[in-house]
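Structure assessment
Single-letter residue listing:
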Amino acid sequence: MTDAAENLRLVKDRIAQAAREAGRPEQDVALVAVSKTFVAEEIRPVIEAGQRVFGENRVQEAQGKWPALKEAFPDIELHLIGPLQSNKAKEAVKLFDVIETVDREKIAAALSAEMAKQGRHPRLYVQVNTGLEPQKAGIDPRETVDFVTRCREVHGIEVEGLMCIPPVDENPGPHFALLEKLAREAGVEKLSMGMSGDFETAIAFGATSVRVGSAIFGERPYPPR
Ligand SMILES: *Cc1c(COP(=O)(O)O)cnc(C)c1O
């Protein structure tokens, strides 16, 4: 077994354990394996170990490696977890099965138009900037419920879940709790929250998917190659 395949097994055990401790069924928490910066040969052993859900943060990088992998493994589900520019909406709708980073009207409109054009309907999440960090993508928490409603009523797109990335230097618990509350208020079911350093906490707060990169693939090469 490669290190990454072994790490995958350990992460899955930890997810199961955290779910048990939270009194939640283990299968209610999906694992998104975040493969950004890693090349196809590094990803393949993780697919062969049974993982099917992956996350990438850049459209262009994903276009370089995933079309061939998706052809080889048609049941792969690919999530976009990084910021989306509206001029990349076409490529994003074509390649991704879930887009987790819808955070403004312009993107909602661009995705809506592309989905109609391509007849392809990736599931959509709204990213919330729970820490109101100026450098970070995501909608203001105070505008989230209204935005979800506008996605449905103005743009004709259904939002399946909310996603957040808490500030690195803060206790993530309150951010996860806020996301859970906003999802309830917006009538949205899924919660994408928790990364390598805090996914067990996120599961305790109701995460339905966790996005785990370095705990599976190891430290990312820097600078990114
Ligand atoms: C990179 C990334 C992750 C994974 O981070 P790790 O700490 O390596 O698990 C999760 N979510 C997003 C949005 C990311 O960009």
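Anyway, here's the lowdown on the structure attached to this text. Worth saying up front: this structure is predicted, and the values here are computed from it rather than measured. (Residues numbered from 1 in each chain as written. Predicted model: local features only at pLDDT ≥ 70, side-chain atom pairs only at ≥ 80, totals over all residues. Heavy atoms only, no water.)

1. Description of helix H6 (residues 144-153)
For H6, the complete set of buried residues consists of Thr-144, Phe-147, Val-148 and Cys-151. For H6, the angular spread of the buried residues around the axis is 100°, confining them to a single face. In H6, the exposed residues that point more than 90 degrees away from the buried face are Asp-146 and Glu-153. Considering only its buried residues, H6 is in contact with strand S4 (98-102), helix H5 (105-118), strand S5 (123-128), strand S6 (159-164) and helix H7 (173-186). (Buried < 20%, exposed > 50% of the residue type's maximum accessible area, 1.4 Å probe, protein only. Helix = DSSP H or I, 4+ residues; strand = E, 2+ residues; numbered from the N terminus. Arc of directions from axis to C-beta. Contact = heavy atoms within 4.5 Å.)

2. Examining the pairing of S6
Taking burial as the measure, the 6 residues of S6 include 5 buried ones, the bulk of the element. You can see the chain leave S5, run along H6 and come back into S6, and the turn it takes is right-handed. Looking at chain direction, S6 and strand S7 (residues 190-192) are connected through 3 bridges and run parallel. Bridge assignment links Leu-162 to a residue of S7, and that residue is Leu-191. (Right-handed = clockwise from strand over helix to strand, strands pointing away. Pairing = 2+ DSSP bridges.)

3. Overview of helix H2 (residues 40-48)
Where H2 is concerned, the buried positions are Ile-43, Pro-45, Val-46 and Ile-47. Contacts made by the buried residues of H2 are with helix H1 (3-21), strand S2 (53-56), helix H3 (59-72) and helix H9 (214-217). Gly-50 sits one or two positions beyond H2 and adopts a positive phi of about 110°.

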